[in-house]
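Structure at a glance
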Amino acid sequence: MGKGFFISKTLTIAGVIVGAGAVATIIALSVVYSQEKAKNQEVKPTNGGTSPPTTTQVTPWDPWDHYRLPDSLSPVSYNITLWPRLEASRSTGLYIFTGRSAVVFECKKPTDLILIHSNKLNLTLINGHHARLTGLDGATPPNIKDSWLQPVTQFLVIQLDGRLQAGNRYELYSDFTGELADDLGGFYRSEYFVGEIKKVVATTQMQPTHARKAFPCFDEPAMKAVFHMTLLHPHGTVALANGMNVVDGQDVTQTSFQATPIMSTYLLAFVVSEFDFIRSPEGEKVLIRIWARKQAIEEGQGDYALEKTGPILEFFEKYYTTDYPLNKSDQIALPDFSAGAMENWGLITYRETALLFNNASSSNADKEWIATVISHELAHMWFGNLVTMRWWNDLWLNEGFATYVSYLGANSAEPTWNYTDLIVMKEVYKVMSVDALASSHPLSTKEQDIMQPAQISELFDSITYSKGAAILRMLSEFLTEPVFARGLSVSIFRYKICVFIAPDLELPASIEVIMNRWILQMGFPLVSIDTTNGHITQNHFLLDPESVVDRPSEFHSALYLIDDASSLYSDTHPPLKMIGSDWVLANTKVSGFFRVNYDTANWERLLTQLSTNHEVTFNVRLMNFPNILCPSWTISLALRTTLYLQKEREYMPWEMADRNLGYFFLMFDRSEVYGPMRAYLRKQVMPLFNHFQAITANWTKIPDNHLDQYTQVRAISLACSSGVPVCEALMTSWFQAWMKTPEKNPIHPNLRQTVYCGALAAGGVEEWNFAWKMYKEAPIASEAEKLMYGLTCTREPWLIQRYLTYCLDPEKIRKQDATFTMVYIAGNVVGQSLVWDFVRANWNYIYNDYGSGSFSFGRLIEGITRRFSSEFELKQLQQFIKENSDQGLGSASQAVEQALERTKANIKWVAENKADVFQWFTDNSKLI
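About the thresholds
- Residues numbered from 1 in each chain as written.
- Predicted model: local features only at pLDDT ≥ 70, side-chain atom pairs only at ≥ 80, totals over all residues.
- Heavy atoms only, no water.
- UniProt positions renumbered as here; feature names shortened; annotations may be inferred.
- Phe/Tyr/Trp six-rings, centres within 6.5 Å; stacked < 30°, edge-to-face > 60°.
- Helix = DSSP H or I, 4+ residues; strand = E, 2+ residues; numbered from the N terminus.
- Buried < 20%, exposed > 50% of the residue type's maximum accessible area, 1.4 Å probe, protein only.
- Lys NZ or Arg CZ within 6 Å of the ring centre and 35° of its normal.
- Pairing = 2+ DSSP bridges.
- Axes fitted to C-alpha atoms, helices over the stretch in contact; angles between N-to-C directions.
- Disulfide = S-S within 2.5 Å.
- Contact = heavy atoms within 4.5 Å.
- Core = buried A, V, L, I, M, F, W, Y, C linked by side-chain atoms within 4.5 Å.

If you look the chain up in an unreviewed UniProt entry, it shows as Aminopeptidase from Esox lucius. Taken directly from UniProt, the Subcellular location (unreviewed entry) text for the chain runs: "Cell membrane".

1. Some remarks on the packing of aromatic side chains
Going through the model one piece at a time under the given rule, you end up with 54 aromatic pairs. Ring geometry for Phe 524 versus Phe 593: centroids 5.4 Å apart, planes at 70°, classification edge-to-face. One end of the pair, Phe 524, is in the loop between helix H11 (509–519) and strand E23 (525–530); the other, Phe 593, is in the loop between strand E27 (583–586) and strand E28 (595–598), and 69 residues separate them in sequence. Note on Phe 524: relative accessible area 0%, which makes it buried. In this structure Phe 593 comes out as buried when scored by relative accessible area, which is 0%. Ring centres of Trp 738 and Tyr 756 lie 5.3 Å apart, and the angle between their planes is 20°; on these two criteria the pair is classed as stacked. In this pair, Trp 738 is assigned in helix H18 (residues 725–740) and Tyr 756 in helix H19 (residues 752–762), connecting sequence segments 18 residues apart. Just as Trp 738 is buried, Tyr 756 falls in that class too. Among the aromatic residues, ring-to-ring pairing joins Tyr 663, Phe 664, Phe 668, Tyr 680, Trp 909, Trp 920 and Phe 921 into one connected group. We note Arg 68 situated over the ring of Trp 391; from NZ or CZ to the ring centre the distance is 3.6 Å.

2. Concerning the sheet that holds strand E8 (residues 144–150)
The strand order across the open sheet built from three strands is E5-E9-E8, with neighbouring strands paired in antiparallel fashion. The sheet is open, and its two edges are formed by strand E5 (111–117) and E8, each paired on a single side. In this sheet, neighbouring strand axes are inclined to one another by 20° on average, regardless of whether the strands run parallel or antiparallel. In the sheet, E5 pairs with strand E9 (residues 155–164) via six bridges, with the strands oriented antiparallel. Within E9, the residue paired with Ile 116 across the bridge is Leu 156.

3. Details of the state of the cysteines
The full count for this structure, using the stated rule, is two disulfides. Each disulfide pairs two cysteine sulfurs, and for Cys 757 the partner residue is Cys 793, the sulfurs being separated by 2.0 Å. Handedness of the Cys 757-Cys 793 disulfide follows from its S-S torsion of about -100°: it is left-handed. Remark: Cys 793 occurs in the loop between helix H21 (781–790) and helix H22 (797–807) and Cys 757 occurs in helix H19; sequence separation between them is 36 residues.

4. Side note on the UniProt feature "active site" (unreviewed entry) in the chain
Mapped onto this structure's residue numbering, the UniProt feature "active site" (unreviewed entry) falls at Glu 377. Within the fold, Glu 377 resides in helix H5 (residues 364–380). Once residues within four sequence positions are removed from consideration, Glu 377 is found in contact with Ala 341, Met 342, Glu 343, Ile 348 and Tyr 350.

5. Comments concerning the sheet that holds strand E22 (residues 347–351)
The five strands lie next to each other as E18-E19-E20-E22-E21, forming an open sheet whose pairing is mixed. The sheet is open, and its two borders are formed by strand E18 (276–279) and strand E21 (341–342), each paired with just one other strand. Sheet topology note: the E18/strand E19 (residues 287–292) ladder contains four bridges and is antiparallel. If you follow Asp 276 over to E19, its bridge partner there is Ala 292.

6. Here we look at the nonpolar core
Counting 168 residues, the largest nonpolar core has Phe 270, Tyr 319, Trp 392 and Phe 593 as the members making the most contacts within it. Ranked by residues supplied to this core, first place goes to helix H6 (residues 395–413) with eleven residues. Discounting chain neighbours no more than four positions away, the residues touching Phe 593 are Val 428, Val 431, Met 432, Asp 435, Lys 467, Ala 470, Ile 471, Met 474, Trp 518, Gly 523, Phe 524 and Pro 525. With 110 residues, the next largest nonpolar core counts Val 596, Phe 664, Cys 720 and Met 774 among its residues.

7. A word on unusual backbone geometry
Looking along the chain, the bond that leaves Gln 207 and enters Pro 208 is cis, with omega of 0°. Checked against the element boundaries, Pro 208 lands in the loop between strand E12 (197–205) and strand E13 (226–233). Phi angles above zero are rare outside glycine, and Gln 154 is one such case at about 60°. With respect to the secondary-structure elements, Gln 154 resides in the loop between E8 and E9. Given the relative accessible area of 14%, Gln 154 is considered buried. In the Ramachandran plot, Asn 698 falls in the positive-phi region, its phi being about 60° despite a non-glycine side chain.

Below you can see the structure in the form of structure tokens.
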């Protein structure tokens, strides 16, 4: 048998970096965009003054028609008082809040114009104007000449009859009323029931541009200030904010809070609720409190979060070599929340599924999710909150760092999980499918390309989070983690309390070349190794090689290869020339953000290794055809990598195989290919199913190992979906047993989502109605989420249609869950066309009523269209775009563009490969 040659340090980007240069590389990440002045011209701030009176036609580009604030004013502090009404007005039926705000700002450049953000606030007129201006420290303010609201750019515009003077400080005061709506953005309303009694929570989500819905403010991340908050609220409720609370008041409770550190508006948070909490012991350096509904706290659902928050905080203090900046860390689980969580400084807000855990009903995956999200948010307390990007175009610095180090933090809290191993599947390979599109985007773009709120919301995508994490992981693997962490701590120390700006930092030219290649352009390379001669080449990897790329990749420079002995080879790479049965496997830990292809002979040797001795190395199995759409691969070669799976018992190879075979099912589950394809999967998974049936004593036990528990779930899921008869009977029997005793669910939490889906797919209206009842009565959000998913698996079209109508009724499906539910339905081949028709018919309502506080529009479009592979579906998608061209698609614009490209690529791929796929599965689905 041949031996293997492993390239374990990755095919590196270029060059050799040592010592101080390595540390400088980390710092460079925070400033590289600004330093690339030749490519990305610095945005010129809006002129801070109004034009003098003139008789010529007024240009439409007045300062208030721009989306960015001028650089003439800088906030210093806010003094804000808000009073949310937790009962609807009897006259209007609306929930409202009233407030007053006084912002102190410093004039940086003389100006006769004040622009400050305000959105959907009804400002009380003061002496005929929308605000009152006073001077501080002896400064004399000019009079207000005119004031108005500019809805499109979301500004309060104040024209003055004279100029504010540079160096002086002024105060702008305003009174206002706003709606405490259920739109999940700004200062909004969340609801839940205790028995038959409805409870209302007043809470916030400011990121990215919603602080302006709560009070007038300079709502840009670089406009940092100190916030003094006071909340008025009913007796019996508790108020929380970023700082520690001090309670007072008589008719209503008045709670004031310690001043915040200097910070951005998007990190402000405040909550009024009847929640309870658990806390860390007295005397701890940092007060940690977990807040949630009283029943959840009483049932111990916050215990796991409290147990892990302290250790994760301590891990990051050591990792960043900087103490946690505050004296308390409140974490609160909200019934309605648009994102997974939000890193508000000192008051982190979560979906209930991301913070609450119950041993009786929460799964292994639920626990992993909670640890990961807590770690992600706590990572932001330093990188993101203490040190902040200047503008949203560099959002990846915040989210990429937090995503990458969240694996380190969670791994420190749960060391037996080996959690860092999962980043390849969860982040790297996932985002490659997006970054392989010509409609992808760079990690960092020009500031002037990201102006409108919808454009900012679009950035909260997998490129920002997952590719950002992948690139940082690549850099960390190259430098080694200790050097990477050291450089990060230097960066935090240097930019503490500041924003990322271009400092006077001279960087080695090689470092700029390296990092710019990965940050300032989209895409990634396909690295091809020819083992017949040792040559290496690279090309921009594209889903459709014929796609027109408006910003071509520039992966032109020489590659360097480092082997296990850290020897440096270049040019011909003689170690890669193989003889006989020897093989090469590059990028073994997938730490390089690129795909690797080989000559046919090397692929054949790797396939031989898999079929004869797949356990020789875990890394060989992980290469399990990640390049399914690579033009140089034949269908037979790609699918042959799955033949050995009958011998496989580990989680990650099976997960990788399932994800890649999933593309075949999406393309062909409505065609004649489906039958033999399903039969082949059934044949391959049966040994895995039988293995877990044996080691779990006929499904009465759960494996001890974290990843083995996942593999058990995967075995049942694939066996049932591929039609293993005993599996379907098993799930049906478990579900029927639960129906007979609803108060005692016999299904293990790890298996529930899979069992619910399988049983409801096999059942009818009786099973569906039971699951719906259990969903509405679920005692914990994670259980409700499993049922919410299971309900989408029915094969009855009329039940799917009923469920779709529920999606737009917040009394039945919370707004936070509506788009997720529709995406789940789209994953059901029976529901695919139904949900597409439903979304098109109701787009105006969805766009206007569900879009304000949501980042999920892109996810909705991607989820619904991922199966599209026909000319008919392409024409429907094009018609959808045309019909909504006047209104626009908001934060879904980029997702629609990517859906168009992906659909065209699918059409082409299916046309070229369907016959070969059908023949291969037919030939290989026969039982031996």
